[in-house]
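Architecture at a glance
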Amino acid sequence: RNFLSLIHQKTELPVVGVSNSGHNRLPRSLQLPPIYGKWKKFKSCESCRLLTSFVPLDNPKLYDLEGQIQHKHQFIEEYVDPSIDKLYLLGHSIGGYMCLELVDRFPFIEKMVQKAILVMPSLDRMGQTDMGKKVTSMFNYSTGLIMLATILDQIFPQRFKRFLMTYILKKDSK
C-alpha cells in the first residue's frame, strides 16, 4: 500500500493494485471459491469455517497462471473505463508475464496501455531453471502440509492459535 500511495503522490494518477487471486486473506464475511468444490459453513460462527459438503464445481484453472491472467482481464474489463488511453501496467516477477499476456491477448487492453513496466520479470521456462526445479520439488512435498495448515488456520479461533504459538515459543526458548 505504501508503494502504491507513493506512486499516486508522485504522479497524481489514480493507482489500483490487483493482487493474485488467493494471495490475500479475506474478511471473514467472504470466502475464496475452491478449485473443485464449494465450501459451506458447518455452523454460523465468526471464527470457524468447516467443510461440510462438497458440491462439484468446474474451476480447475481458478488459481493457476491462466486463472490469474483471466482475473486481471476481468478486473480491467469491469472496473477500468474503456475510453482511457493511458493505462500503465506494472508487474513484478510473474506479474510481468501477466502484463505482457494481457496486452497480447486482449485488443481493448492493448489500446488502453500506454506503458507496461516489468520489475524483475519471470517470462519464460521458470520451471526449467535450477531454482525452479528446487521450488517445484519442495512444493510437491509440502503441498499437503500447507493445505492442512490453511484449513486448521480457518477452523481454530484466534485465541486458541495465540495460546498455541505462545506455548510452542515458550517451550522452544527453554
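Residues numbered from 1 in each chain as written. Predicted model: local features only at pLDDT ≥ 70, side-chain atom pairs only at ≥ 80, totals over all residues. Heavy atoms only, no water.

Here we look at the overall build of the chain
For the chain, the helix and strand inventory stands at 6 helices and 2 strands. Traced from its N-terminal end to its C-terminal end, the chain shows the element sequence α-α-β-α-α-β-α-α. Counting all 174 residues of the chain, 18% fall into the buried class. A sequence separation of at least 24 residues applies to 61% of the contacts in the chain between residues at least 6 apart. (Helix = DSSP H or I, 4+ residues; strand = E, 2+ residues; numbered from the N terminus. Buried < 20%, exposed > 50% of the residue type's maximum accessible area, 1.4 Å probe, protein only. Contact = heavy atoms within 4.5 Å.)

Here's the deal with the nonpolar core
If you look at the biggest cluster of nonpolar residues, it comprises 12 residues: Ile69, Ile76, Val80, Leu87, Leu89, Met98, Cys99, Leu102, Phe106, Ile109, Met112 and Val113. Going through the elements one at a time, α2 (65–79), β1 (87–92), α3 (94–105) and α4 (107–112) are the ones with two or more residues in this core. If you tally residues by element for this core, the top one is α3, at 3 residues. (Core = buried A, V, L, I, M, F, W, Y, C linked by side-chain atoms within 4.5 Å.)

Things to note about the confidence of the model for the chain
This prediction gives the chain a mean pLDDT of 75; 68% of its residues lie at or above 70. α4 holds the highest mean pLDDT among the elements of the chain, 94, whereas helix α5 (residues 130–155) holds the lowest, 73. A low-confidence stretch, residues 37–57 stays under pLDDT 50, and its non-local contacts, those more than four residues away or across chains, total 47 contacts. (pLDDT = per-residue confidence, 0-100.)

Considering the packing of aromatic side chains
Here the structure, examined in full by the defined rule, presents 2 aromatic pairs. A centroid spacing of 5.0 Å and a plane angle of 40 degrees characterise the contact between Phe75 and Tyr79, whose relative ring orientation is tilted. Taken together, the positions of Phe75 and Tyr79, both in helix α2 and 4 residues apart, correspond to about one turn of that helix. Relative to Phe160, the ring of Phe156 has its centre 4.8 Å away and its plane inclined at 40 degrees; by these criteria the two rings are tilted. Taking the relative accessible area as the measure of exposure, Phe160 reaches 34% and is therefore partly exposed. (Phe/Tyr/Trp six-rings, centres within 6.5 Å; stacked < 30°, edge-to-face > 60°.)

Points about the pattern of salt bridges
Opposite charge on two side chains lets them pair, provided their charged atoms get close. The final tally for this structure, using the stated rule, is 2 salt bridges. Notably, a salt bridge pairs Arg105 with Glu66, separated by 2.8 Å at the nearest N-O pair. Taken as a pair, Arg105 in helix α3 and Glu66 in helix α2 lie far apart in primary sequence, 39 residues in all. Residue class for Arg105 comes out partly exposed when judged on its relative accessible area of 31%. Among the residues examined, Glu66 registers a relative accessible area of 25% and is labelled partly exposed. The shortest N-O distance in the salt bridge between Glu101 and Arg105 comes to 2.9 Å. Taken as a pair, Glu101 and Arg105 lie in helix α3 at a separation of 4 residues, close to a single helical turn. (Salt bridge = Lys/Arg side-chain N within 4 Å of Asp/Glu carboxyl O.)

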